[in-house]
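Single-letter residue listing:
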Amino acid sequence: MTAQTAPGHIGAGHIGAGQVGAGQVGAGQVGAGQVGAGQAGNRPVVIVSASIGAGHDGAAAELARQLRAAGVTVECHDFLDTLPGAWGRLVRGVYRAELTVAPRTWGWVTNATGGRTMSAHTSAVLSHAAGERMMEAIGGSPTVVLSTYPLASQLLGRLRQERRLTVPVATFLTDMSVHPLWIAPGVDAHLALHPVPAAQARSLGARNTLVAGPAVGPAFRPRRNDGEHLAARLAFGLPECPPLALVVAGSWGIGSVDRSARDIADTGLAVPVAVCGHNERLRRRLSRDERIVALGWVDDMPNLIRACDLVVQNAGGLTSLESLTSGVPVVTYRCLPGHGETNAAALEKAGWADWVRRPRDLRAALAKALAAPAPSIIDRCRAVDMILGIAARPEALPA
């Protein structure tokens, strides 16, 4: 298997299931089972994520699990660890502070960083500041480098352009909407959750865009029967009879969670169950309202999702995909500025989640979600087949 390929020296061909650019490719041409640990000489797939929130690391962890199950050696790295000095802690802290203290400013930041000039400048700065450490982390013999974080993609794409990195780089787009920083010249392939983000990526100039589906762990599945539904409720001490609306806002409990939970309670259609994550102050505030069940950090999210009848979310992140995979309908409400709004629009366009833009429309949206089954989400993530296909035949990637 040859994986030493430089940008601009990749011939045309087929690499797996889904779409590549504008062309169609068939499933199984280069797929799972064609590259294993033995065939690749135990050369690893390297995954670069970022410990910002839980979505990027969550997708990376599931992709790593699937690759290892296919017999592939996987190495995982945190992009923030490759930044010099205290930059990594600063990036994480600024991001959290913006979303917690002044979320509207995050919308301004996402808008301001949406141009191609900004992407080029960002990748150049990252290459100078972190390129050497990234190359050391990757090592000399991976088959593919996979990014689940936009700034990591910018750096890896730049390293490909500079020919310092000579193996294929793929980006797994963890969001339903695609910010321009996700798309970096030099990245060989882009794996999207759905045709909606795939089309957005192509419009931004992404090379070799494939629809891979969400990377959601096997624990997230529909409940088998009513008994399992009831058992899940009892496990969390939840009410047995009324419909339950699970309110989620990421691991940090960010956004207008208080107002969302109270608005749901005001409709009288469902009991809000708010997951506050690490935000203990939020949990204490919500606990004062007897109509609301306020939970802190929850380890068993698969069972909690199965205990509830719908999910109300504000960011369009990994929990939305986990809920839909579990057969639980999702509603977007009081979404975060920036990526929360663009993800809400993309989820709605895909037919995966209604976006409630006005409080007066919430009751009708909840009633609709409670009355109808969740939309059918892609049944199996094909990212691993595609990654193994790229590893087996990097020359088959269209230039």
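In the block above lies the structure referred to throughout.
Just so it is clear, the model here is predicted, and its values are computed rather than measured.

*Asks:* Please explain the sheet that holds strand E8 (residues 209–211) as it appears in this structure.
*Replies:* Taken in spatial order, the six strands line up as E4-E3-E5-E6-E7-E8 in an open sheet, and their pairing is parallel. Sheet topology places strand E4 (74–78) and E8 at the edges, where each strand pairs with a single neighbour. Mean inter-strand twist for the sheet, computed between neighbouring axes without regard to direction, equals 25 degrees. For strand E3 (residues 45–49) and strand E5 (residues 144–147), the ladder comprises four bridges, and the chain directions are parallel. Looking across to E5, one finds that Val46 is bridged to Val145. Across the sheet, helix H5 (residues 150–161) touches E3, E5 and strand E6 (169–172), and the angle it forms with E5 is around 150 degrees. Here helix H6 (residues 195–203) sits on the sheet in contact with strand E7 (189–192) and E8, set at roughly 175 degrees to E8.

*Asks:* It is not clear to me how the pattern of salt bridges should be interpreted in this structure. Could you clarify?
*Replies:* Working definition: two side chains of opposite charge can pair if their charged atoms are close together. Scanning the entire structure with this criterion turns up 18 salt bridges. Put simply, Glu228 and Arg224 hold a salt bridge, and the shortest N to O gap is 3.4 Å. We note a salt bridge from Arg262 to Asp289, for which the minimum N-O separation is 3.8 Å. Linking Arg262 in helix H8 (residues 257–267) with Asp289 in the loop between helix H9 (280–287) and strand E11 (293–295), this pair joins segments that are 27 residues apart in sequence. Asp289 sits in the buried class, given a relative accessible area of 13%. Bridged by salt links that share partners, the residues Arg262, Asp266, Asp289 and Arg291 form one connected network.

*Asks:* Help me out: how do you make sense of the side chain of Arg233 in this one?
*Replies:* Summarising the element assignment, Arg233 is placed in helix H7 (residues 226–235). Among the polar contacts made by the side chain of Arg233, one reaches the main-chain carbonyl oxygen of Ala307 at a distance of 3.0 Å. Setting aside residues up to four positions removed in sequence, Arg233 forms contacts with Leu238, Pro239, Glu240, Cys241, Pro242, Pro243, Leu244, Ala307 and Asp309.

*Asks:* Got a minute to help me understand the sheet that holds strand E12 (residues 310–313) in this structure?
*Replies:* Each strand in a sheet pairs with its neighbour through backbone hydrogen bonds, running either in the same direction (parallel) or in the opposite one (antiparallel). The six strands lie next to each other as E11-E10-E9-E12-E13-E14, forming an open sheet whose pairing is parallel. Every interior strand has two partners, whereas the edge strands, E11 and strand E14 (353–356), have only one. Pairwise comparison of adjacent strand axes, ignoring direction, gives a mean angle of 25 degrees for this sheet. Looking at chain direction, E12 and strand E13 (residues 330–333) are connected through three bridges and run parallel. Directly across from Gln313, in E13, lies its bridge partner Thr332. Its contacts with the sheet put helix H11 (residues 318–325) on strand E9 (244–248), E12 and E13, and the angle it makes with E13 is roughly 155 degrees.

*Asks:* Honestly, the environment of Arg68 in this entry has me stumped. Any pointers?
*Replies:* Residue position: Arg68 is located in helix H1 (residues 55–69). With 316 residues separating them along the chain, Arg68 and Val384 place their C-alpha atoms 9.9 Å apart. Of note is the side chain of Arg68, whose polar atom sits 3.2 Å from the backbone oxygen of Val74.

Cut-offs and rules
For every chain, the first residue of its written sequence is number 1, and the numbers climb from 1 along that sequence. A pLDDT threshold of at least 70 governs which residues receive local features in this predicted model, and a stricter bar of 80 or more applies before side-chain atom pairs are shown or counted, although totals over entire chains, interfaces and linings include all residues. The basis for the side-chain values is all heavy atoms of the structure; hydrogens and waters are excluded. Paired strands, in this sense, are two strands between which DSSP finds at least two bridges. Secondary structure elements follow DSSP: runs of H or I no shorter than four residues count as helices, runs of E no shorter than two count as strands, and numbering proceeds from the N terminus. The axes used here are C-alpha line fits, helices contributing only the stretch in contact, and every angle between their N-to-C directions lies in the interval 0 to 180 degrees. Two residues form a contact once any of their heavy atoms are found within 4.5 Å. A side-chain nitrogen of Lys or Arg and a carboxyl oxygen of Asp or Glu constitute a salt bridge if their distance falls within 4 Å. For every residue, the accessible area (1.4 Å probe, protein chains only) is compared with the maximum for its type, and the residue is labelled buried under 20%, exposed over 50%, or partly exposed between those bounds. Any pair of N or O atoms that falls within 3.5 Å is considered a polar contact. Within protein, one atom must be able to donate a hydrogen and the other to accept it, and sequence-neighbouring residues count only if both atoms are side-chain atoms.

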